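# Examining the three-dimensional arrangement
Single-letter residue listing:
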Amino acid sequence: MTESEFDLIIIDTPLPDEFGTDLSLHAAEHTSAGIILIVDESRLFDENADAEDAGVFVLPKPISPEFFYQAAKLLDASRRRILFIEDQNKRLQQQIQEIRVIDRAKLVLVQVLRMTEAQAHRYIEKQSMDLRQSRIQTAENILRTYEH
């Protein structure tokens, strides 16, 4: 698990050196994989609480192939959805950071060159188009030029 990234981890308990719950909790903490912990029905409720809190699907033995297939598909679908949301969150965080840099550059233009906010906005837009670069690159250039 430390060297490779997995989409799905299935742990059929008990393991030779431990029951398997600790491994599932470790995997949940250190990977983005979907995790299924298969336990004897008699231990289902003992293992369920800690593992479920960590995002591990706990399934009872014996398990039918249809139920296992549905559980794996559900876990895969929910994992994909979470990865999509995490990716979207990263993009939004990047956009927020870019807006902050651009607004700081506008503020520098207002303070140093005595532009209005609208003029500073227009200046950054025009410079970006004229130099064929992104607004963030133009804003960073302005900050390098005028900030000490």
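Residues numbered from 1 in each chain as written. Predicted model: local features only at pLDDT ≥ 70, side-chain atom pairs only at ≥ 80, totals over all residues. Heavy atoms only, no water.

### Observations concerning the packing of helix 3 (residues 65-113) against helix 5 (residues 135-146)
Under the convention used in this document: The axes used here are C-alpha line fits, helices contributing only the stretch in contact, and every angle between their N-to-C directions lies in the interval 0 to 180 degrees. Helix and strand assignments come from DSSP, with helices taken as H or I runs of at least 4 residues and strands as E runs of at least 2, each series counted from the N terminus. Geometric relationships in this document are graded by angle, where less than 35 degrees denotes roughly parallel, more than 145 denotes roughly antiparallel, 65 to 115 denotes roughly perpendicular, and other angles denote oblique. Here a crossing is called left-handed whenever its near helix is offset anticlockwise from the far helix by less than a right angle, and right-handed whenever the offset is clockwise. We call two residues in contact when some of their heavy atoms are within 4.5 Å. For this scheme, ten residues count as nonpolar: Ala, Val, Leu, Ile, Met, Phe, Trp, Tyr, Cys and Pro. Four count as charged, namely Asp, Glu, Lys and Arg, and the remainder, Gly too, count as polar.
Running from amino to carboxyl end, helix 3 crosses helix 5 at an angle of 45°, the nearest separation of the two axes being 9 Å. As judged from the angle between their axes, helix 3 and helix 5 are oblique. As for the relative orientation of helix 3 and helix 5, their crossing is left-handed in sense. Where helix 3 abuts helix 5, its residues E98, V101, I102, R104, A105, V108, L109, V112 and L113 lie against R135, I136, A139, E140, I142, L143 and Y146. Residues of the contact of helix 3 with helix 5, tallied by class, amount to twelve nonpolar, no polar and four charged.

### Examining the layout of surface pockets
Counted only if it meets this: Grid points spaced at 1 Å over the protein atoms alone were grouped into cavities, where a 1.4 Å probe fits but cannot get out, and pockets, open sets with protein on both sides within 12 Å along at least five of seven lines, with lining residues defined by an atom within 4 Å of a point. Grid points are joined across faces, edges and corners, and a volume is the space filled by probe spheres set on the points.
Of the volumes computed, that of the largest pocket is approximately 230 Å³. Secondary-structure elements contributing two or more residues to the lining of the largest pocket are strand 2 (34-40) and helix 3. For the lining of the largest pocket, the element with the highest residue contribution is helix 3, accounting for six residues. Looking at side-chain class alone, the lining of the largest pocket contains eight nonpolar, five polar and two charged residues.

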